[in-house]
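Structural overview
Each chain, letter by letter, is given below.
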Amino acid sequence: MTEYTVEFVGTGETITVSDKQTILKACIEEGIAQEYSCRVGMCLACSAEILEGDVTQPAARGLTEEEAEKYALTCMARPQSDLKLDRGVYPPSIEDDAATAGTVADDD
Ligand code: FES
């Protein structure tokens, strides 16, 4: 087991997360208010932008392959290096979904 340092920019919060543990689980244990909902990699509520470092998140089904290089779904992501993350930053696809929903609702 290897442990990595995960820093959340803008909050001053830094935690240690093992490569066997999800970042969300470590946040919950450390009392960090990381948002989440489904905890199965689908809803994107737990998204964070990866500013530095690498994660493994093969079960992050809510992200495209391209998005998975820039964003971590913390409920699925395990660190592969020290990380700097910006919590509460969402991939562009979530914005597209919101825009589409608005268009459908505005049909007259
Ligand atoms: S909590 Fe839903 S994707 Fe992580």
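Each remark here, short or long, concerns the structure printed above.
Remember, predicted model here, so these are calculated numbers, not experimental data. (Residues numbered from 1 in each chain as written. Predicted model: local features only at pLDDT ≥ 70, side-chain atom pairs only at ≥ 80, totals over all residues.)

**What to know about the environment of Gln-21**
Position of Gln-21 relative to the elements: it lies in the loop between strand E2 (13–18) and helix H1 (23–30). On the neighbour-count criterion, Gln-21 (16 C-beta atoms within 10 Å) is partly exposed. Spatially, the C-alpha atoms of Gln-21 and Met-1 are 9.7 Å apart, while their sequence positions differ by 20 residues. Non-local contacts of Gln-21, meaning those with residues more than four positions away in its chain, are made with Ala-26 and Arg-78. (Helix = DSSP H or I, 4+ residues; strand = E, 2+ residues; numbered from the N terminus. Buried ≥ 20, exposed ≤ 12 C-beta atoms within 10 Å, placed from the backbone. Contact = placed C-beta atoms within 7 Å.)

**Some thoughts on the pairing of strand E3 (residues 47–52)**
Inspection of the sheet shows E3 paired to strand E5 (residues 71–73) by three bridges, in the antiparallel sense. Pairing of Ser-47 across the sheet is with Leu-73, part of E5. Here E3 pairs with strand E7 (residues 83–87) via four bridges, running antiparallel. The residue of E7 that forms the bridge with Ile-50 is Leu-85. (Pairing = 2+ DSSP bridges.)

**Some remarks on the nonpolar core**
Counting residues in hydrophobic clusters, the biggest one holds 23 residues, and the most contacted among them are Val-6, Ile-23, Ala-60, Ala-72, Leu-73, Ala-77 and Leu-85. Contributions of two or more residues to this core are made by strand E1 (3–8), H1, E5 and E7. Take this core: its biggest share by element is four residues, from H1. Apart from the residues within four sequence positions on either side, Leu-85 is in contact with Val-6, Phe-8, Ala-48, Glu-49, Ile-50, Leu-51 and Ala-72. (Core = buried A, V, L, I, M, F, W, Y, C linked by C-beta atoms within 7 Å.)

**Side note on the sheet that holds E5**
Pairing is mixed in the open sheet, where five strands are placed in the order E2-E1-E7-E3-E5. A strand with exactly one partner marks an edge of an open sheet, and here the two such strands are E2 and E5. Taken over all neighbouring pairs, the strand axes of this sheet differ in orientation by 35° on average, direction set aside. Against the sheet, H1 makes contact with E1, E2 and E5, and its axis sits at roughly 125° relative to E2, the strand it touches most. (Axes fitted to C-alpha atoms, helices over the stretch in contact; angles between N-to-C directions.)

**What to know about unusual backbone geometry**
If a residue is not glycine, its phi is most likely negative; likewise, a peptide bond is most likely trans. The residue Arg-39 is not glycine, and still its phi comes out positive at about 60°. Inspection of the secondary structure assignment puts Arg-39 in the loop between H1 and E3. The class of Arg-39 is partly exposed, set by 16 C-beta atoms lying within 10 Å. With a phi angle near 75°, Leu-44 is a residue other than glycine that sits in the positive phi range. Examined against the element boundaries, Leu-44 turns out to sit in the loop between H1 and E3. A residue is classified by how many C-beta atoms lie within 10 Å of it, and Leu-44, with 21 of them, is buried.

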